[in-house]
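Working through the structure, step by step
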Amino acid sequence: MLPKSRLLVLFPLLLLSLTIYACAGSATPEPTATPTVTATETATAIPESAPEWQPEILWRRGHDGEAVRSVAFTPNGERLAVGLFPTVEFYEVNSGDLIRSAEFRHAVESLDFSPDGAILGAGQGVYGAVLCDAADGSEIQQLHGGYDNVVAFSPDGETVATGNRTGTAWLWNIEDGELVAEFELPEADYIVDLAFSPDGSTLAVSYFDGALVLWDVSRQTIIHELNFSSDQGGRVESIAFSPDGETLVASGIRDENFKHVSRLWNVPAGTSDGVLTGYENTVTSAAFSPDGALLATGAASGDGAVRLWQVSDWTLLHTLEHWKEDGEPDWVTDLAFSPDGRTIAVGTWEGELYLWQVDPEL
């Protein structure tokens with residue numbers, strides 16, 4: 001047995017060793033399985049090395065209170081198409097000058113250009129979906145009728161997908177306008193949005209009741225039917241694939257706490273990769289930058305902001321705010337990245353069109 005004097009010396013050393021070991025063990029907590037990112041948390045989480053540069057508005061155009069329903073850049077990035085009621089206006093991107101406008105039969109709620117830029121697809125609130133000459137906006141072909149129509153071109157430019165309140169998604173041959181395929185769910189609610197994967201093999205379709213289905217285009221079979229059973233209401237307003245096809249963002253739903261979110265999905269696995277939170281109202285629109293480094297999400301009234309997320313770690317980099325004349329937040333209706341990823345076009349319910357510079361190297 002050690003003498004009492006030796007014990008008195010060794011006992012404090014033993015306590016010190018145990019304290020150091022405990023601190024070392026607590027320094028590396030287990031990582032969370034899925035990211036849940038809130039705007040309020042990440043607003044102060046920007047790395048100290050981040051540049052002080054902030055996005056700025058290059059130009060802004062009003063439309064006498066007529067809501068901007070949709071926006072789309074031409075593939076070369078020189079023109080911007082803006083869907084209104086009942087026209088599409090074409091702007092020169094560098095100057096913001098209005099080049100021309102084309103008349104339609106109703107509000108143009110969805111716009112997309114063919115990959116070669118020759119054809120403009122337009123989904124109208126009423127009177128169906130049409131294909132137009134992108135040079136002058138003249139109608140080439142009426143694909144079908146119906147209400148609340150959406151359009152999306154395939155990446156190879158050979159087909160265009162459409163959908164509306166019938167709950168059926170159609171695939172059309174662009175060259176002759178013939179119907180190629182139909183994608184139907186039993187008792188499906190009406191379609192809100194659709195998008196092709198970057199390789200064109202998959203068509204994502206979102207529905208008013210919150211369902212989101214990934215279809216195999218060639219086989220016309222369901223790959224994944226994503227489960228929103230834990231979400232408390234809210235249709236999927238907007239869907240977008242990342243450029244690598246690995247991630248699908250679905251915006252517009254609410255989580256189990258009734259908070260408005262954008263949900264991230266792992267496409268190959270068909271599983272959730274987490275949510276982006278911090279919104280005051282419904283997330284109406286979302287788009288990835290062409291290089292996949294950024295995700296932009298826009299929210300409705302009571303929020304009126306576009307949030308710019310860094311995809312690598314889902315840090316909130318910037319918040320682009322939009323205000324009405326009465327000082328209240330405006331409602332972001334649609335947004336789109338330019339093909340070079342340096343600017344974002346944003347449309348609002350109050351009829352404002354913004355072109356934001358989001359890259360300091362412009």
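Given the structure is predicted, the values throughout are model-derived calculations rather than measurements. (Residues numbered from 1 in each chain as written. Predicted model: local features only at pLDDT ≥ 70, side-chain atom pairs only at ≥ 80, totals over all residues. Heavy atoms only, no water.)

**Digging into the environment of Gly 298**
Position of Gly 298 relative to the elements: it lies in strand 24 (residues 294-299). Residues in contact with Gly 298, not counting those within four places in the same chain, are Thr 282, Val 283, Thr 284, Ser 285, Ala 305, Val 306, Val 332 and Leu 335. (Helix = DSSP H or I, 4+ residues; strand = E, 2+ residues; numbered from the N terminus. Contact = heavy atoms within 4.5 Å.)

**Examining the environment of Ala 122**
The residue Ala 122 is located in strand 8 (residues 119-124) in this model. We classify Ala 122 as buried; its relative accessible area is 0%. Residues Ala 122 and Asp 112, 10 residues apart in the sequence, show an inter-C-alpha distance of 6.9 Å. (Buried < 20%, exposed > 50% of the residue type's maximum accessible area, 1.4 Å probe, protein only.)

**Overview of the sheet that holds strand 11 (residues 150-153)**
The antiparallel open sheet is built from four strands, whose spatial order is 11-12-13-14. If you trace the sheet from one side to the other, it starts and ends with strand 11 and strand 14 (179-183), each paired once. Adjacent strand axes in the sheet meet at a mean angle of 20 degrees when their direction is disregarded. The sheet contact formed by strand 12 (residues 159-163) and strand 13 (residues 169-173) spans five bridges and is antiparallel. Following the sheet pairing, Ala 161 is matched in strand 13 by Leu 171. (Pairing = 2+ DSSP bridges. Axes fitted to C-alpha atoms, helices over the stretch in contact; angles between N-to-C directions.)

**Remarks on the packing of aromatic side chains**
Note on aromatic pairs: each is described by the distance of the centres and the angle between the planes. Inspection of every chain in the model, using the stated rule, returns four aromatic pairs. Taking NZ or CZ as reference, Arg 105 lies 4.0 Å from the ring centre of Tyr 127, over its face. Sitting above the plane of the Tyr 190 ring, Arg 165 keeps its charged end 5.1 Å from the centroid. (Phe/Tyr/Trp six-rings, centres within 6.5 Å; stacked < 30°, edge-to-face > 60°. Lys NZ or Arg CZ within 6 Å of the ring centre and 35° of its normal.)

**Re the sheet that holds strand 18 (residues 221-226)**
Here we have four strands laid out as an open sheet, ordered 15-16-17-18, and antiparallel in their pairing. In this open sheet, the two edge strands, each paired with only one partner strand, are strand 15 (191-196) and strand 18. Across the sheet, the mean angle from the axis of one strand to that of its neighbour is 20 degrees, orientation sign disregarded. In the sheet, strand 16 (residues 202-207) pairs with strand 17 (residues 212-216) via five bridges, with the strands oriented antiparallel. Note that in strand 17 the partner of Ser 206 across the bridge is Leu 212.

**Side note on the pairing of strand 4 (residues 79-83)**
For strand 4, a buried count of four out of five residues is recorded, marking the element as mostly surrounded by other parts of the structure. Pairing analysis gives four bridges linking strand 3 (residues 70-73) to strand 4, with the strands arranged antiparallel. Opposite Ser 70, over in strand 4, you have Gly 83 as the bridge partner. Examined bridge by bridge, strand 4 and strand 5 (residues 87-92) share five bridges and lie antiparallel to one another. Within the sheet, the bridge partner assigned to Arg 79 lies in strand 5 and is Glu 92. Hairpin connection, strand 4 to strand 5: the antiparallel pair is bridged by three residues.

**Here we look at a negative patch on the surface**
A cluster of acidic residues, Asp 156, Glu 158, Glu 175, Asp 176 and Glu 178, forms a negative patch at the surface. With respect to the helices, strands and loops of the structure, Glu 175 is situated in the loop between strand 13 and strand 14. (Patch = residues over 30% accessible without salt bridge, like charges linked within 9 Å, V, L, I, M, F, W, Y side chains within 5 Å. Areas by Shrake-Rupley, 256 points an atom, 1.4 Å probe, with all protein chains shown as cover. Salt bridge = Lys/Arg side-chain N within 4 Å of Asp/Glu carboxyl O. Lys, Arg positive; Asp, Glu negative; His and termini not counted. Charge placed at Lys NZ, Arg CZ, Asp CG, Glu CD.)

**Re the side chain of His 322**
Note on placement: His 322 falls in the loop between strand 26 (315-321) and strand 27 (332-337). In terms of polar contacts, His 322 uses its side chain to reach the backbone carbonyl oxygen of Gly 304, at 3.1 Å. Not counting residues within four places of it along the chain, the set of residues in contact with His 322 comprises Gly 304, Ala 305, Val 306, Pro 329, Asp 330, Val 332, Val 346, Thr 348, Tyr 354 and Trp 356. (Polar contact = N/O pair within 3.5 Å; in protein donor to acceptor, adjacent residues only side chain to side chain.)

**Some remarks on the side chain of Ser 338**
Following the sequence through the fold, Ser 338 ends up in the loop between strand 27 and strand 28 (343-348). A relative accessible area of 4% means that Ser 338 is categorised as buried. A distance of 2.6 Å separates a polar atom in the side chain of Ser 338 from a polar atom in the side chain of Asp 340. In this structure, Ser 338 is in contact with Phe 73, Pro 290 and Thr 343, ignoring residues within four places of it in sequence.

**Overview of the environment of Glu 89**
As for its position among the elements, Glu 89 is in strand 5. We classify Glu 89 as buried; its relative accessible area is 14%. When the C-alpha positions of Glu 89 and Ala 102 are compared, they lie 6.5 Å apart, and in sequence the two are 13 residues distant. Not counting residues within four places of it along the chain, the set of residues in contact with Glu 89 comprises His 63, Leu 80, Ala 81, Val 82, Leu 84, Leu 98, Arg 100 and Ser 101. One polar contact links Glu 89 to His 63, side chain to side chain, over a distance of 2.9 Å.

**A word on the confidence of the model for the chain**
Per-residue pLDDT for the chain averages 85, and the proportion of residues at 70 or more is 83%. In this model residues 1-50 is a low-confidence stretch, pLDDT under 50, and it forms 29 contacts with partners more than four residues away in sequence or in other chains. (pLDDT = per-residue confidence, 0-100.)

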